[in-house]
Structure formats: C-alpha cells, structure tokens
Amino acid sequence: MVTVDGISPGRIVSPANLEELSNLIAEEKGTIVPVGACTQLEFGNPLRSADCAVSLTRLNRITTYNPAELTIHVEAGVTLDQIQRALAENNQTLPLDPWNGGA
C-alpha cells in the first residue's frame with residue numbers, strides 16, 4: 001500500500017501507455033497524485049487529499065534517443081539509472097547528481 005504524505009489514496013492505477021494515462025486524467029473526478037519510484041513520497045507541499053494515485057512505473061520507455069544530436073525523449077516513469085545506462089552505451093552521461101541516487 002502506498003502512503004503519500006501520510007495519506008492513503010482511495011485507489012492506485014498504473015497506466016501502460018500515454019493513451020491510458022490521458023483517459024484516466026480526463027475521467028478522474030477527484031485528486032490525482034503522481035507516484036514514480038516511491039523514493040520521495042514526503043516531498044513538496046503536504047497533500048490535503050489523494051483520491052487516486054497514478055503509478056508511472058509502467059511508463060518506463062526511452063522512446064527516442066539520438067546520440068549524434070545529444071537528444072533523448074523518455075516517458076515519465078523512466079529512472080535516472082535507466083537513462084544513464086542507455087547513454088553510457090555511447091559514452092554519454094546526463095550531468096545530474098541527485099542527492100538520493102538514480103532510482
């Protein structure tokens with residue numbers, strides 16, 4: 001069970017693609033809380049409610065990567081570790097140093 005800022009969402013959904021995510025957002029009547037790798041669920045302004053938590057973990061694809069142009073397009077659930085591994089294959093890096101690692 002996921003708890004965000006001490007609040008348990010009424011339901012948790014995990015869309016598999018952007019169309020599912022779009023439909024979910026369009027149809028949801030309550031408060032939507034995005035959830036990634038569950039590493040920083042106590043950050044930001046405290047929640048007042050959480051009717052629906054949207055897990056982004058299935059939206060974890062690198063959709064476009066052009067090493068020659070130094071461009072990469074990723075879905076919202078891609079972790080920094082995934083990006084760094086993909087870039088490393090071409091001796092590239094993403095110059096970020098997150099305080100809590102790359103999860």
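Residues numbered from 1 in each chain as written. Predicted model: local features only at pLDDT ≥ 70, side-chain atom pairs only at ≥ 80, totals over all residues. Heavy atoms only, no water.

I'd love a proper account of unusual backbone geometry, names of residues and values included.
At Leu 70, a position not held by glycine, the phi torsion is positive, near 55 degrees. Looking at the element boundaries, Leu 70 is found in the loop between β4 (62-66) and β5 (71-74). With a relative accessible area of 67%, Leu 70 lands in the exposed category. One non-glycine residue, Asn 91, lies in positive phi territory at about 55 degrees. The residue Asn 91 is located in the segment after α2 (80-88) in this model. (Helix = DSSP H or I, 4+ residues; strand = E, 2+ residues; numbered from the N terminus. Buried < 20%, exposed > 50% of the residue type's maximum accessible area, 1.4 Å probe, protein only.)

How would you sum up the sheet that holds strand β1 (residues 11-13)? Please name residues and give values.
Reading across the sheet, the 3 strands line up as β1-β3-β2 and stay open at both edges, with parallel pairing between neighbours. Single-partner strands in this sheet number two, and they are β1 and β2 (32-35). Here the average twist between neighbouring strands, direction ignored, is 25 degrees. Here helix α1 (residues 18-27) sits on the sheet in contact with β1, β2 and β3 (52-55), set at roughly 170 degrees to β3. (Pairing = 2+ DSSP bridges. Axes fitted to C-alpha atoms, helices over the stretch in contact; angles between N-to-C directions. Contact = heavy atoms within 4.5 Å.)

Requested: an account of the pattern of salt bridges, with residues and values cited.
Inspection of every chain in the model, using the stated rule, returns 2 salt bridges. Between Arg 11 and Glu 28 there is a salt bridge, and its shortest N-O distance comes to 2.7 Å. Taken together, the residues Arg 11 in strand β1 and Glu 28 in the loop between α1 and β2 connect sequence positions 17 residues apart. By relative accessible area, Glu 28 is classed as buried at 17%. Its salt-bridge partner being Arg 61, residue Glu 75 comes within 3.3 Å of it at the nearest N-O pair. Taken together, the positions of Glu 75 in the loop between β5 and α2 and Arg 61 in the loop between β3 and β4 put the pair 14 residues apart, joining distant regions of the chain. (Salt bridge = Lys/Arg side-chain N within 4 Å of Asp/Glu carboxyl O.)

Pulling in residues and values, what's your account of the environment of Pro 15?
Within the fold, Pro 15 resides in the loop between β1 and α1. Among the residues examined, Pro 15 registers a relative accessible area of 5% and is labelled buried. Measuring from C-alpha to C-alpha, the distance between Pro 15 and Val 54 comes to 7.6 Å, with 39 residues separating the pair along the chain. Ignoring any residue separated from it by four or fewer positions in sequence, one finds Pro 15 in contact with Glu 20, Leu 21, Val 54, Ser 55, Arg 58 and Leu 59.

Describe the environment of Thr 3, listing the residues and the values that go with them.
Along the chain, the position of Thr 3 falls in the segment before β1. Of the residues examined, Thr 3 reaches a relative accessible area of 34% and is grouped as partly exposed. The sequence separation of Thr 3 and Glu 42 amounts to 39 residues, and the corresponding C-alpha distance is 9.0 Å. What Thr 3 contacts, discounting residues up to four positions off in sequence, is Ser 8, Leu 41 and Glu 42.

Take it as geometry only, folks, not as evidence of what the structure does.
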